[in-house]
Amino acid sequence: MLEITNLHASVGDKPILKGLTLSIPAGEIHAIMGPNGAGKSTLAHVLGGKPGYEVTAGSVTFRGQDLLALEPHERAAAGLFLGFQYPVEIPGVSNVQFLREALNAQRKSRGEEPLSGGEFLKLAKDKAGLLKMDMEMLKRQVNVGFSGGEKKRAEMVQMGILDPAFAVLDETDSGLDIDALRIVGAGINAIMRSPDKAVLLITHYQRLLDVVAPDKVSILAGGRIVETGGPELALRLEAEGYDAVMA
Amino acid sequence: MTTATLPTRRDEAWRYADLAALKRLGADALDQWQAIDVPAGTSVTRIFVVGSDAPEVHRMRVTLGEGASAAFFVTNAGGDYTRVEIEVRLAKGAHFEFGGVTIGGAGVTREFVTQVVHAEPEATSNQTVRAVHWGGATGNFLGEIKVARHAQKTDAAQDFKGLLLEAGASANAVPQLEIFADDVKCAHGATVGALDEAARFYMMARGVDPATAQRLLVQAFIGDAFVALEDEASREKLLDAALGALEGAWL
């Protein structure tokens, strides 16, 4: 579903990704772990198409398309979802308005009929329930006044509503307490665990992987994937640390 | 009486005006003031959509009686120079509410010029102006607040925010406070910035196209100016007029 080949990317003049190669087929949940500064968030931003990140070499193919040739909104319409490490506050715009615009824009570009207000609210209520989020919160302004944990849960509600084929989740577990972590983990499973979907899950900790059992685990260090294994790799990292495992 | 002469850059109140457009309009047009009297204890709400393919200058003198209240909301758009001037005189305990939006590109100049005179005690005023410009256009807000010597317990506020969608556009805020009473609250604030790129990317990452993202962000930005307008249909009318001006704007 996602093929990353020899990807090089820079921020400003600074090269961050230095020949990253990674393949994630449909049905797979692939965890990426790695020390600080390894390039994990840069990888997420490059996949999402964030301005300021320049791809200097390599390719990314998503469902047979050249992902890097698409604008960020076209990537979303093609089925990519980027879960933000730091979800953005948008004063003056409600979650409901924002997400209905987003969903209907995606549907339009896929040649589907837009959802009516009533249909959308029903869908939103259903997905909010999945993440144990009060519908009232969705009527509020996007992420404004939300706690760190609420923002992350709201991200997963957004993912549920938009129903992507592929999700890149950048430290979705950071800032979550134990209960919220379980809810978010269960949300990821409910929304994305499917033979025709896949997830790239960026995390620092085993605790999220206890809930969302990954099929594969890769270590990203120095801008490249240095090792790929099964779930046991994450356990080894947790027990021994990056230096020991990568040595 | 007619002034018969056009203002120049030396006139403080016309410093940022489009003098060429004023010349096309003619000096006589500047001499027309609309008088609006709001008797004691009554209230009035007015909404205006200003702007066309010719220069427009609208000048109003509003006099509020004791305990009266006036609320004016204006979308300042169109294809040529526009200027809305409001002089307000508040009697005891009166309230003046003003919400204005200037929006436009293509090198136009838009202005709000207000003079709010708190002539007697316990009157309140609140002014919220939002300016959204691109394409070398300019939005101006010249806001003067005068508080008379015995107008104690005056509460006056003025808030201006400019959103410049691209380099070359500009916004001028000129707050002018003249306070002769000592027990008053007068607040003013002015900021000018660009579109929040983080919010724009966040929206696009969810599938919202750039034009819609811009429209949503501009709508949220200018919405502040019309928050105090309770009638939803009127609010929609002003917002639609403003957002209509945004269609086809730079992305």
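The paragraphs below set out a description of the structure included in this document. (Residues numbered from 1 in each chain as written. Chains lettered and ligands numbered in written order. Predicted model: local features only at pLDDT ≥ 70, side-chain atom pairs only at ≥ 80, totals over all residues.)

Before going further, it helps to examine the overall build of chain A. In terms of regular secondary structure, chain A is built from 10 helices and 12 strands. Computed over its C-alpha atoms, the radius of gyration of chain A comes to 18 Å, within 12% of the 18 Å expected for a compact globule of 247 residues. Dimensions along the principal axes, computed over C-alpha positions, put chain A at roughly 55 × 40 × 35 Å. For chain A, the residues scored as buried account for 43% of the 247 residues in total. Considering only residue pairs separated by 6 or more positions, chain A has 70% of its internal contacts joining residues 24 or more positions apart. (Helix = DSSP H or I, 4+ residues; strand = E, 2+ residues; numbered from the N terminus. Rg over C-alpha atoms; globule rule 2.2 N^0.38 Å. Buried ≥ 20, exposed ≤ 12 C-beta atoms within 10 Å, placed from the backbone. Contact = placed C-beta atoms within 7 Å.)

Attention now moves to the overall build of chain B. Within chain B, the secondary structure is distributed over four helices and 12 strands. At 18 Å, chain B has a C-alpha radius of gyration in line with the 18 Å of a compact globule built from 251 residues. Dimensions along the principal axes, computed over C-alpha positions, put chain B at roughly 55 × 40 × 30 Å. By residue count, 44% of the 251 residues in chain B fall in the buried class.

Next up on the list: the interface of chain B and chain A. Listed per partner, the contact involves 18 residues of chain B and 21 residues of chain A. Broken down by secondary-structure element, the contributors of at least two residues to the side of chain B that touches chain A are helix H2 (197–205) and helix H3 (210–223) of chain B. Element by element, the count of residues in the side of chain B that touches chain A is highest for H2 of chain B, at eight residues.

Moving on to helix H6 (residues 148–162) of chain A. All names here are of chain A. Taking 1.5 Å of rise per residue, 15 residues should cover 21 Å, and H6 covers 21 Å from first to last C-alpha, within 8% of that figure. Judged by how many residues are buried, H6 sits mostly within the fold: 11 of 15 residues are covered. Those residues of H6 that are buried lie in contact with strand S6 (80–83), helix H3 (95–109), helix H4 (117–130), strand S9 (166–170) and helix H7 (178–192). Looking one or two residues beyond H6, the residue adopting positive phi is Asp163, at roughly 50°. (Expected span 1.5 Å × (residues − 1).)

Moving on: the pairing of strand S12 (residues 224–229) of chain A. Residue and element names in this part refer to chain A. Where strand S11 (residues 216–221) meets S12, five bridges bridge the pair, whose relative direction is antiparallel. Each residue of the ladder has a partner; that of Leu220, found in S12, is Ile225. Once S11 ends, the chain turns through two residues before running back antiparallel as S12, passing Gly222 with a positive phi of about 60°. (Pairing = 2+ DSSP bridges.)

What follows deals with helix H1 (residues 40–48) of chain A. Side chains three or four residues apart in an α-helix point the same way, a direct result of the helix having 3.6 residues per turn. Residues and elements named next belong to chain A. Counting buried positions along H1 yields eight of nine residues, so the element is predominantly enclosed. Along H1, the residues that are buried comprise Lys40, Thr42, Leu43, Ala44, His45, Val46, Leu47 and Gly48. Positive phi appears at Gly49, one or two residues downstream of H1, with a value of about 85°.

All names here are of chain B. As summarised here, the arrangement of the six strands in space is S1-S3-S5-S7-S9-S11, forming an open sheet in which the pairing is parallel. The outermost strands of the open sheet, each flanked by one partner alone, are strand S1 (34–38) and strand S11 (170–179). With direction set aside, neighbouring strand axes in the sheet form an average angle of 10°. With 10 bridges connecting them, strand S7 (residues 109–118) and strand S9 (residues 138–147) associate as parallel partners. Residue pairing in the sheet places Thr109 in a bridge with Thr138 of S9. (Axes fitted to C-alpha atoms, helices over the stretch in contact; angles between N-to-C directions.)

Secondary-structure assignment places Gln97 of chain A in helix H3. Residues Gln97 of chain A and Asn143 of chain A, 46 residues apart in the sequence, show an inter-C-alpha distance of 13 Å.

Moving on, we get to the packing of H2 of chain B against H3 of chain B. All names here are of chain B. Running from amino to carboxyl end, H2 crosses H3 at an angle of 130°, the nearest separation of the two axes being 9 Å. When the axis of H2 is compared with that of H3, the two are oblique. In this structure, the crossing between H2 and H3 has a hand that is right-handed. On H3, the residues touching Ala199, Arg200, Met203 and Met204 of H2 are Pro210, Ala213, Leu216 and Leu217. (Parallel < 35°, antiparallel > 145°, perpendicular 65-115°, else oblique. Left-handed = near helix turned anticlockwise from the far one by under 90°.)

Core analysis: the largest hydrophobic core is formed by 139 residues, its most contacted members being Leu47, Val199 and Leu201 of chain A together with Leu64 and Ala242 of chain B. The element best represented in this core is H3 of chain B, accounting for seven residues. Apart from residues no more than four positions distant in its own chain, Leu201 of chain A is found in contact with Ile29, His30, Ala31, Ile32, Leu169, Val212 and Pro214 of chain A. (Core = buried A, V, L, I, M, F, W, Y, C linked by C-beta atoms within 7 Å.)

A few words now on the sheet that holds strand S8 (residues 124–133) of chain B. Residues and elements named next belong to chain B. A sheet is described by the order of its strands in space; here six strands give the open sequence S2-S4-S6-S8-S10-S12, paired in parallel fashion. At either end of the open sheet lies a strand with only one pairing partner, and these are strand S2 (43–50) and strand S12 (185–194). Put simply, the sheet's adjacent strands are angled 5° from each other on average, direction ignored. Both S8 and strand S10 (residues 155–164) contribute to a ladder of 10 bridges, which runs parallel.

Glancing now at unusual backbone geometry. Peptide bonds are mostly trans, and most non-glycine residues show a negative phi. Residues and elements named next belong to chain A. Positive phi, close to 50°, is recorded for Arg63, a residue that is not glycine. Looking at the element boundaries, Arg63 is found in the loop between strand S4 (53–62) and strand S5 (65–66). Its identity is not glycine, yet Lys132 carries a phi of approximately 50°, on the positive side. Accessibility expressed as a C-beta count within 10 Å gives 15 for Lys132, which makes it partly exposed.

Residue and element names in this part refer to chain B. Along the chain, the position of Thr154 falls in the loop between S9 and S10. When the C-alpha atoms of Thr154 and Glu122 are compared, they prove to be 4.9 Å apart, with 32 residues separating the residues in sequence. The contacts of Thr154, once residues within four sequence positions are left out, are His118, Ala123, Val147, Ala181 and Val184.

Note that every value here comes from positions in space, so none of it alone points to a role or purpose.
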